Amino acid sequence: MASFTRSGARLLTAAACAVAPVIAFAQPAVAESFSHNFECSGDSPLGAQEFSYQQDSEVTAPTSVAAGEQFEIVIDPAVNTIPSEVNGYGVEQVENMDLKLPVPDNTTHVSSELSGGSNLGSPAPTIEVSDGVATLHVEGPIAGGAEFELPTVTATLQAGDSGVIETQLYGTSYSDPGLTFDADVSTVFGTVDVPTSCYPDPNPVLTTTEIS
């Protein structure tokens, strides 16, 4: 039968302490499915073109975390289709897409990673965080009528001292958009570039995490 010296016991204790934080970060997570509606306005030579745009996603977050704990929020967009026409005008392609995701209150951003996605053009999508907002950038182009899938965003955050952590989309109006892109649109003037701004309406709370 094997026996342990005091030195061996101390080594086991140190190893247990090293593993403990990893175990503490493993929190119960809940995945919720959403259908986001964006109200959009395109600036065209024929005047503002207003329309609605939908994007489904699954958002996963833990139900509770300890103060100061690191945890993940995962936003997994579903496959979508670029409209082939808007208000009777043909959409040739979409490019320079930016989707904004606010860093939740009562958290500190640690890191953000992208994975997956399809038919998004080149170079690969990027995500940057500035002034409390993460911006997912997709260069494109994506052809009108084509299917595409935005990459999954995995954000690692650190919980604050107390309170509630709520996940929402960004944007309140056309002048404060959460989604922007450039659309090449067929008009009587030929193909024109139509800069487009969108905001989520409604913009409900997607996930709620209690700091315990």
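Scroll up to find the structure this text is about.
Our subject in this report is the structure included herewith. (Residues numbered from 1 in each chain as written. Predicted model: local features only at pLDDT ≥ 70, side-chain atom pairs only at ≥ 80, totals over all residues. Heavy atoms only, no water.)

**Digging into the state of the cysteines**
We apply this condition: Disulfide assignment relies on a single distance test, namely cysteine sulfur atoms paired within 2.5 Å. Only runs of H or I of at least four residues qualify as helices and only runs of E of at least two qualify as strands under DSSP, and these elements are numbered from the N terminus.
By the definition in use, this model includes one disulfide. Covalent S-S linkage joins Cys40 and Cys198, the inter-sulfur distance amounting to 2.2 Å. Here Cys40 and Cys198 share a disulfide; its torsion about the S-S bond, 110 degrees, makes the bridge right-handed. Taken together, the residues Cys40 in strand E1 (residues 29–44) and Cys198 in strand E16 (residues 190–200) connect sequence positions 158 residues apart.

**Quick look at unusual backbone geometry**
In terms of backbone geometry, most residues other than glycine have negative phi values and most peptide bonds are trans. Here is the rule: Three exposure classes are used, based on accessible area relative to the maximum for each residue type with a 1.4 Å probe and protein chains only: buried under 20%, partly exposed in between, and exposed over 50%.
The amide bond that connects Ser122 to the next residue, Pro123, takes the cis arrangement and shows omega of 5 degrees. With respect to the secondary-structure elements, Pro123 resides in the loop between strand E8 (107–115) and strand E9 (126–130). The amide bond that connects Gly140 to the next residue, Pro141, takes the cis arrangement and shows omega of 0 degrees. Tracing the chain through its elements places Pro141 in the loop between strand E10 (133–138) and strand E11 (142–143). The phi dihedral of Asn87 is positive, around 55 degrees, even though this residue is not glycine. Of note, Asn87 is situated in the loop between strand E6 (85–86) and strand E7 (89–102). Overall, Asn87 belongs to the partly exposed group, its relative accessible area being 42%.

**Brief notes about the packing of aromatic side chains**
Defined as follows: Two rings from Phe, Tyr or Trp (for Trp, the six-membered ring) form a pair when their centres are within 6.5 Å of each other. A pair whose planes differ by under 30 degrees is stacked, one over 60 is edge-to-face, and the rest are tilted.
Applying the stated criterion across every chain, the model contains one aromatic pair. Plain terms: the ring middles of Tyr174 and Tyr199 are 5.3 Å apart, the flat faces sit at 70 degrees to each other, and that makes the pair edge-to-face. You can see Tyr174 sitting in the loop between strand E14 (163–167) and strand E15 (179–187) and its partner Tyr199 sitting in strand E16, a full 25 residues away along the chain. By relative accessible area, Tyr174 is classed as partly exposed at 29%.

**Here's the deal with the environment of Val138**
The following threshold applies: What makes two residues a contact is simply this: any of their non-hydrogen atoms within 4.5 Å.
Positionally, Val138 belongs in strand E10. Sequence spacing of Val138 and Glu95 is 43 residues, and the spatial spacing of their C-alpha atoms is 7.2 Å. The residues touching Val138, leaving out its near neighbours within four places in the chain, are Glu95, Asn96, Met97, Leu120, Pro125 and Leu150.

**Observations regarding the pairing of E1**
Consecutive side chains along a regular strand alternate between the two faces of the sheet. To be explicit about the condition: Strands qualify as paired when DSSP identifies two bridges or more between them.
Here 16 bridges tie E1 to strand E2 (residues 47–62), and the two strands are oriented antiparallel to one another. Bridged to Asp43 within E2 is Ala48. Taking the residues that link successive antiparallel strands as the turn, the E1-E2 hairpin has two residues.

**With respect to the layout of surface pockets**
The cut-off we apply is this: Here a cavity denotes grid points, spaced 1 Å and computed from the protein atoms alone, that fit a 1.4 Å probe unable to get out, and a pocket denotes an open set having protein on both sides within 12 Å along at least 5 of 7 lines; residues with an atom within 4 Å of a point are the lining. Grid points are joined across faces, edges and corners, and a volume is the space filled by probe spheres set on the points. Any residue outside Ala, Val, Leu, Ile, Met, Phe, Trp, Tyr, Cys, Pro, Asp, Glu, Lys and Arg is labelled polar, Gly included; the first ten of those are nonpolar and the last four are charged.
Taken as a whole, the largest pocket encloses approximately 160 Å³ of empty space. Lining the largest pocket we find Pro102, Val103, Pro104, Asp105, Asn106, Val164, Glu166, Thr167 and Gln168. In terms of residue count, the dominant contributor to the lining of the largest pocket is E14 (three residues). Counted by class, the lining of the largest pocket contains four nonpolar, three polar and two charged residues.

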